[in-house]
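# Geometric and topological summary
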Amino acid sequence: MLSKEFLTERGYCCGHGCLMCPYEPKHTKGNTNLMGYGNIKKKTLIICALEIETQGQLEDYDVLYTGVGKVNATYKLTQKFGKYGSFVPYDLVINYGTAGSRKYNKGELIDCTRFVQRDMDVTGLGFEKNQTPFEWEPEIVIREQNAKFNPIGKNAICGTGDSFVEDSSNHHGEVVDMEAYALAKVCHYYNIPFISFKYITDGADGNALVDWEENVGKGIVKFKKKVLDKLENNS
């Protein structure tokens, strides 16, 4: 028997006559009206790769940690969305993390609204650089998806790949990371607004590793002040 807690967390009624159905009226497929609470309000999901990046300062938020890389990011977010079935209770997904950049300075918090897969290269078969072969949608560059909330406004392009950039050979985009493109693509398919905020820890150069280790935990305070505080005031 499915518990009331599980059915509530799922966010909608399946219409299959569950004994512990918490929705009103009961057993009405797609209904999101909880008994005594009214309609479920959608909320914001924050996604980060590593807990070291947030320093334990997001405990009051709905946070998903994915681990490093595109595969982990895709798996974790798809798993998160999948458990809700056809009703995903989020109207905004925010990715916060660290990144390298040769355009922006260390210590800056940058908003990314365009995303490209920097390590996808099938040009030998006639495809464009960064284009997933035999895939025509979404476009090579995934653009901002109806995310009206953006308190920074630089609209940077983020190049995502499964490598830590320490030289110019794999630097594609104004900011480089290892998860954002995958997250943006999942949100694109689910039609959920997505935006990424990156704290620049290094210059994506020969000192990148040392700089990242030194700065990885420094951006969370700035993220909370410049983004989350304004998100709460905006809601």
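As a reminder, the structure under discussion sits directly above these lines.
This report concerns the structure included in the present document. The numbers attached to residues start from 1 for each chain and follow its sequence in the written order. Whole-chain, interface and lining totals are the exception, using all residues; otherwise, since this is a predicted model, local features are given only for residues with pLDDT of at least 70 and side-chain atom pairs are given and counted only at 80 or more. As a rule here, side-chain values come from all non-hydrogen atoms in the structure, and water together with hydrogens is ignored.

Along the polypeptide, Glu179 turns up in the loop between β9 (175–177) and α3 (180–190). Three exposure classes are used, based on accessible area relative to the maximum for each residue type with a 1.4 Å probe and protein chains only: buried under 20%, partly exposed in between, and exposed over 50%. Only four residue types enter the tally: Lys and Arg on the positive side, Asp and Glu on the negative side, with His and both chain ends excluded. Every case where a carboxyl oxygen of Asp or Glu lies within 4 Å of a side-chain nitrogen of Lys or Arg is listed as a salt bridge. No salt bridge is formed by the buried Glu179; its nearest oppositely charged neighbour, Lys198, is found at 4.6 Å. Counting of polar contacts relies on pairs of N or O atoms within 3.5 Å, with two restrictions inside protein: one atom must be capable of donating a hydrogen and the other of accepting it, and residues adjacent in sequence are counted only when both atoms are side-chain atoms. Here Gly69 takes part through its backbone nitrogen, which lies 2.9 Å from a polar atom of the side chain of Glu179. Here a strand is any run of E in DSSP of at least two residues, a helix any run of H or I of at least four, and the numbering for each starts at the N terminus.

Further remarks concern α3. The buried count for α3 comes to eight of 11 residues, which makes it a mostly enclosed element. Ala180, Tyr181, Ala182, Leu183, Ala184, Lys185, Val186 and Cys187 are the residues of α3 that are buried. In the segment just after α3, Asn191 is the residue with positive phi, at about 60°.

Take Lys80: it is sitting in helix α2 (residues 70–82). For Lys80, a relative accessible area of 15% corresponds to the buried category. Between two residues, a contact is recorded if the distance between any of their heavy atoms is within 4.5 Å. Non-local contacts of Lys80, meaning those with residues more than four positions away in its chain, are made with Leu45, Asp62, Leu64 and Tyr90.

Side-chain pairing between opposite charges can occur once the charged atoms of the two side chains come close. The full count for this structure, using the stated rule, is nine salt bridges. Measuring nitrogen to oxygen at the nearest pair gives 3.7 Å for the salt bridge that ties Asp62 to Lys43. Pair noted here: Asp62 is in the loop between β3 (43–48) and β4 (63–65) and Lys43 is in strand β3, with a separation of 19 residues, a long-range link. The partly exposed category is assigned to Asp62, whose relative accessible area is 23%. For the salt bridge of Lys185 with Glu135, the shortest nitrogen-to-oxygen distance reads 2.6 Å. With a gap of 50 residues between them, Lys185 in helix α3 and Glu135 in the loop between β6 (109–117) and β7 (142–143) connect regions that are remote in the sequence.

Before going further, it helps to spend a moment on the pairing of β3. Sheet topology note: the β3/strand β5 (residues 90–100) ladder contains five bridges and is parallel. Bridge pairing in β5 places Thr44 opposite Leu92. Only when DSSP finds a minimum of two bridges between them are two strands counted as paired. The pairing of β3 with β4 spans three bridges and is parallel. Within β4, the position partnered with Cys48 by the bridge is Tyr65.

This next bit is on the packing of aromatic side chains. Between 30 and 60 degrees the pair is tilted, below 30 it is stacked and above 60 it is edge-to-face, where a pair is any two Phe, Tyr or Trp rings, Trp via its six-membered ring, whose centres lie within 6.5 Å. Within the structure shown, the criterion is met by eight aromatic pairs. With 6.5 Å between their ring centres and 80° between their planes, Phe164 and Trp212 make a pair best called edge-to-face. In this pair, Phe164 sits in the loop between β8 (156–160) and β9 while Trp212 sits in helix α4 (residues 208–215), placing the two residues 48 residues apart along the sequence. The class of Phe164 is partly exposed, set by a relative accessible area of 34%. Each residue in the set Phe81, Tyr90 and Tyr190 is aromatic and connected to the rest through ring pairs, giving one cluster.

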